[in-house]
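Secondary and tertiary structure notes
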Amino acid sequence: MRAINRPIFYYGKEFRFNRFLGCLICEKDKSRDDFNNELADSISDEKRRDIDAVNNPFMMLYHEKSNGWKAIKQAWIAKMYGRLITWLCLHCYPVMNVFIHFHLNLFSNAGDASLFYYNLYPDLKSQQTLCLPRSIFIATTSRRFKQYGVLFIGAFLPTVRMHAWIIEDGMPADCFDKQWIHYNPVMIFL
Amino acid sequence: MNDKVITRPKYYDRSFLFYNTQTKKKQQDIWKELQEGMWRDFDINAFLENEKQYAIHVEHKDQIRNQLVFPHFAVIEPGHEWNSEKQDSEIVYSPVTLVNGCSRSSLMSAVEEYFSKFSGEKVGVHLSGGLDSSIIMAWLRELGIPFVAIGFTCNRWEFRTERRVQEVMADYASHAELIDIDEHPFYSHIENCPKCQTPYGVAFKDFDISQIIVKRYRDLGVTTVFSGQGGDSLFVESVGKESTLKLAIGDEFEVSGENDMYYAPAGIKLVTPFSDMGIIQQIASLRVGEQEDVPKWWARNYFKDILPRELSQYCYVADMFGLSLSGLEMAKPVTKKLFEEAYALTNNHYFSPIETKRFLESNVFEMEFQAYIDYGARLSVAAWLHALFRTEENNTKI
């Protein structure tokens, strides 16, 4: 998975995401790089659509919940993998930079992967703190993600809150997540 | 402090009433008591606790038990009534009789009847980008009633969906203006906020931007402004199949406080169509059988023919928390002065130099919601005290 840094310039400061430490770094404004040129040259139309939908949420599509996640054959693998990803994210974040490149292809799409992960940790309140492992789980287990999906990590400035979410096929993978709209992407994984 | 004089302002929030626990009677106001020194007995601890409880239990306001903030007076908030048995105020619920046979046509008849009360006036609507005020705009357009739309806007990321809706809804108005909130951030000029009888009524967060918007309405000759207040209840609450519904109209539908403090001084009336019983009855009757609907999908779908797709197909709502925190940070110099003044007046430890220093050194951007509520509550006490002793024109000296 390719990572593209998307620094945010906010009232004289520059905010960048450090993917190895997993945190937002704030620096005094330097030169204002035009990152859009890089994105325009090297992104497929499908992924460009996902990014555009985050910039303009009124382009976003929404899908109905399906039960496809219940029918996967290797559910036990998905469970083990889900719990491992979650534990690593919470206790050993730098290792996530390795796992983010996995492609297990367990689910037909990101929506199914998302619902499976919610079933793994049914308490909706704790799911609020599991956005990153959930997003990595979805990105690495959805068959469509490699070609049609984008993982976003965003910041809600000027607070220190961060959030991670997936857009695939121009749709949010997570039907329970209404928060993504407030977070300005600082890093994009394609 | 003995020569401190409190004068009753001509305009203040009259929607708050008071229950005298000694005389066992309700009072319209407590200006006389404040002038006699009751402000010194204000219980800041009780106030902070009440604010904290409200933030925790806002979804279940009936369960909140307020502590007295004055020794012998209970504050009766708008839409509440004093319950002698419980020795506390409680929300007043108004019955709404549901009727059969309602339709879009009967609803629009009720809407038209409501707006006819303002015929001949130049009217305005808040251009907020939200669903409720947008529905009002759509109604006015459908009825061929011209209106002015003014609101605030900002360039923040989380506000991008509201900006788009404001852009679309501006076309519904005969004249539309958007004021940049970065020029009038939240908590700016709080030292000038209106005088109130308690910190509960201190409306200082959006004081500056509200003043600017009201002035623009006045300059444009608007005499009545329609607010979308009440839509959050009318379009959200579940409606059972019983023949009567109960709604907290005074608590959730009225805008009398905002009207008293901001609009009345400018000669403008602020009203909300959603508090009209005819409209309430129609909409509630149309929604019979609907479950709780926080995103207001029923309203978005029902009015999709008169609303833009941005509102009928999506339920985005901007989070104002970032704006609030930015405003608090920028207001720190004024906060320091208000705290110093509050300490000189009360000698209360919350405003002591050490506590003020600690308070102002806190990183507002790391605040969670509870800490923000506490911060805002202390600031409202300091702003209230400052405003109490401000001399103003047209006061009635008690």
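So, on to the interface of chain B and chain A. Taken residue by residue, the interface counts 22 residues in chain B and 22 residues in chain A. Roughly 1900 Å² is buried in total at the junction of chain B and chain A, and carbon and sulfur atoms are behind 59% of that figure. Contact with chain A buries area across many residues of chain B, yet Trp157, Arg160 and Tyr316 of chain B alone supply 34% of it, more than any other trio. Seen at the junction of chain B and chain A, the total is 1 salt bridge.

The subject of this paragraph is the sheet that holds strand β5 (residues 149-156) of chain A. Residue and element names in this part refer to chain A. The strand order across the open sheet formed by 5 strands is β1-β8-β5-β6-β7, and the pairing between neighbours is antiparallel. Of all the strands in the sheet, just β1 (3-5) and β7 (171-172) have a single pairing partner and so form its edges. Bridge analysis of β5 against strand β8 (residues 184-189) gives 5 bridges, and the strand direction is antiparallel. When the sheet's bridge partners are listed, Phe152 is paired in β8 with Ile188.

So, on to the layout of surface pockets. It is the rolling of a water-molecule-sized probe over the atoms that shows where space remains empty. All names here are of chain A. By volume, the second largest pocket amounts to about 940 Å³. Looking at the second largest pocket, it is lined by 26 residues, and the ones nearest its centre are Gln128, Thr129, His163, Gln179 and Tyr183. Counting residues per element, the ones that place at least two in the lining of the second largest pocket are α6 (124-127), α7 (131-141) and β6 (161-168). Here the lining of the second largest pocket gets 4 residues from one element, more than from any other, and that element is β6. Of the residues belonging to the lining of the second largest pocket, the class tally is 13 nonpolar, 6 polar and 7 charged.

Next up on the list: the sheet that holds strand β3 (residues 13-18) of chain A. Residues and elements named next belong to chain A. On the basis of which strands lie adjacent, the open sheet formed by 3 strands has the order β2-β3-β4 and antiparallel pairing. Strands at the two margins of the open sheet, each flanked by one partner only, are β2 (8-10) and β4 (23-28). The average undirected angle you get between the axes of adjacent strands in this sheet is 30°. Relative to β4, β3 is paired through 6 bridges, and the arrangement is antiparallel. The partner of Arg16 across the bridge, within β4, is Ile25.

Our next topic: empty space enclosed by the protein. Residues and elements named next belong to chain A. Counted according to the given criterion, the structure contains 4 cavities of 30 Å³ or more. By volume, the largest cavity is sized at about 80 Å³. Taken together, 13 residues line the largest cavity, and the ones lying closest to its centre are Ala164, Trp165, Ile166, Asp174 and Asp177. Looking at the lining of the largest cavity, the elements with two or more residues in it are α7 and β6. Partitioning the lining of the largest cavity into residue classes produces 9 nonpolar, 1 polar and 3 charged.

Residues and elements named next belong to chain B. Structurally, chain B comprises domain 1 (7-92 + 320-397) and domain 2 (96-312). A straight line from the C-alpha centre of domain 1 to that of domain 2 covers 26 Å. Of the residues lining the interface, 50 residues belong to domain 1; the matching set on domain 2 comes to 36 residues. Joining domain 1 to domain 2, the criterion identifies 0 salt bridges. The tally of links between domain 1 and domain 2 comes to 15 residue pairs in polar contact (both at pLDDT 80 or more). Elements that contribute at least two residues to the side of domain 1 that touches domain 2 include exactly α1 (31-35), α2 (44-56), α13 (321-330), α14 (332-346) and α16 (369-388). When the residues that make up the side of domain 1 that touches domain 2 are grouped by side-chain class, the tally is 30 nonpolar, 13 polar and 7 charged.

With that settled, consider the environment of Cys315 of chain B. Residues and elements named next belong to chain B. By secondary structure assignment, the location of Cys315 is in the loop between α12 (309-312) and α13. Using a relative accessible area of 23% as the deciding quantity, one classes Cys315 as partly exposed. Taking the C-alpha atoms as reference points, Cys315 and Phe159, separated by 156 residues in sequence, lie 13 Å from one another. Ignoring any residue separated from it by four or fewer positions in sequence, one finds Cys315 in contact with Pro295, Trp297 and Arg300.

Reading the values: rules and limits
Residues numbered from 1 in each chain as written. Chains lettered and ligands numbered in written order. Predicted model: local features only at pLDDT ≥ 70, side-chain atom pairs only at ≥ 80, totals over all residues. Heavy atoms only, no water. Contact = heavy atoms within 4.5 Å. Buried area = accessible area lost by both parts, 1.4 Å probe. Salt bridge = Lys/Arg side-chain N within 4 Å of Asp/Glu carboxyl O. Pairing = 2+ DSSP bridges. Helix = DSSP H or I, 4+ residues; strand = E, 2+ residues; numbered from the N terminus. 1 Å grid on protein atoms, 1.4 Å probe; cavity = no way out; pocket = protein on both sides within 12 Å on 5 of 7 lines; lining within 4 Å. Points joined across faces, edges and corners; volume = space filled by probe spheres on them. Nonpolar A, V, L, I, M, F, W, Y, C, P; charged D, E, K, R; others polar. Axes fitted to C-alpha atoms, helices over the stretch in contact; angles between N-to-C directions. Domains from an automatic or database assignment. Polar contact = N/O pair within 3.5 Å; in protein donor to acceptor, adjacent residues only side chain to side chain. Buried < 20%, exposed > 50% of the residue type's maximum accessible area, 1.4 Å probe, protein only.

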